[in-house]
Amino acid sequence: MYTKYDYWIFRGSIDKEVCNNIIEIGKSQIEQDKEKGIDVTGLTGGNAEKTDDVRLALGERTLQQAKKEFGLNDQNIYDKTYIRDSEITWLNRNNYDWIYSTILEHVNQANFDAGWRYDVDSFDDIQFTTYRPGGFYGWHPDGGSDHFAKLKRDIPGVTTKEEKGRFTHTQAADRVGKVRKLSVTVNLNSGDDYMGGDLKFSLDEHQTKYDSKELTIDEAKQPGTVIVFPSYKYHCVTPITHGVRYSLVLWMYGRPFK
């Protein structure tokens, strides 16, 4: 799908003190989750996970690049690699409505000004993410756009553990039958606090407005910067080599494109 704008950015639009407050909330909640025995590992829907087994970090490699570099094939690529290394927690809207109000205001403006104007009417809880040295999130889209990607209803006792693990089912009634259409990421701390951790997009090689097929969003490292983009676009967060990166992520849902 061609769009005039691959992403829409609001540079430093959230006050630094507000960002610092959110960071402290997220850090505290991650520690509380750990004390309760809640898994704070950033998981993915069906992709290779980081486990105690010896696995290779994809980093910002594509699957094709990893297969060549690591000597893997289609059969073992998912058994030998992992695509994500981060810690996460979820910020419930009932407790943090002020965060939702701020982000949704940016989403609505971006959706209109960028010319997408997608029909969106629901969203997940906000995810707070921590990337420490070695942490990354490899190339991925946030979801499919067609009817095969629609969320199904999670029925206790019927929905299998495997289906839950693929994140294809939901208990949220307002998301059943819908797909992710818009993604939002908020950079909470300054790029001076860490090295690596770049947000990158993979682009159509036929586009002429960029010098490369991969676009690094340097402006994203300014604290309080909000970036909105269509969820089907491939993107990644490159490996952290020093320091810690904190961010928020939110996904907007709507009926499949037709």
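Use the structure listed above.
Read on for an overview of the structure. Bear in mind that the values here come from a model prediction, so they are computed numbers and not experimental data. (Residues numbered from 1 in each chain as written. Predicted model: local features only at pLDDT ≥ 70, side-chain atom pairs only at ≥ 80, totals over all residues. Heavy atoms only, no water.)

1. Considerations on helix H1 (residues 16-35)
Keep this limit in mind: Working definition: helices are DSSP H or I runs of at least four residues, strands are E runs of at least two. Numbering for both runs from the N terminus. Expected helix span is taken as 1.5 Å per residue step, with the number of steps being one fewer than the number of residues. Working definition: with a 1.4 Å probe on protein chains only, accessible area under 20% of the residue-type maximum means buried, over 50% means exposed, and in between means partly exposed. Here, the arc refers to the directions that run from the helix axis to the C-beta atoms.
For H1, with 20 residues, the first-to-last C-alpha span of 29 Å sits near the 28 Å given by 1.5 Å per residue. Within the sequence span of H1, burial applies to Cys-19, Ile-22, Ile-23, Ile-25, Gly-26, Gln-29, Ile-30 and Asp-33. Along H1, the residues classed as buried sweep out an arc of 165 degrees about the axis, all on the same side. Counted as exposed and oriented over 90 degrees from the buried face of H1: Glu-17 and Glu-35.

2. Notes on helix H4 (residues 97-113)
For H4, built from 17 residues, the straight-helix expectation of 24 Å at 1.5 Å per residue is met to within 8% by its first-to-last C-alpha distance of 24 Å. Every buried residue of H4 is accounted for by Ile-99, Tyr-100, Ile-103, Leu-104, His-106, Val-107, Ala-110 and Asn-111. An end-on view of H4 places all buried positions within 160 degrees of arc, on one side of the element. Where H4 terminates, the next one or two residues include Gly-115, which has phi positive at roughly 85 degrees.

3. Side note on the pairing of strand S8 (residues 136-140)
The cut-off we apply is this: If DSSP finds at least two bridges between two strands, the strands pair.
Along S8, five of the five residues are buried, which leaves the element largely enclosed by surrounding structure. As judged from the two bridges shared by strand S4 (residues 84-85) and S8, these two strands associate in the antiparallel manner. When the bridges of S8 are listed, Asp-85 appears paired with Phe-136. Pairing geometry for S8 and strand S16 (residues 235-237), over two bridges, is antiparallel. When the bridges of S16 are listed, Tyr-137 appears paired with Val-237.

By themselves these figures say nothing about function.
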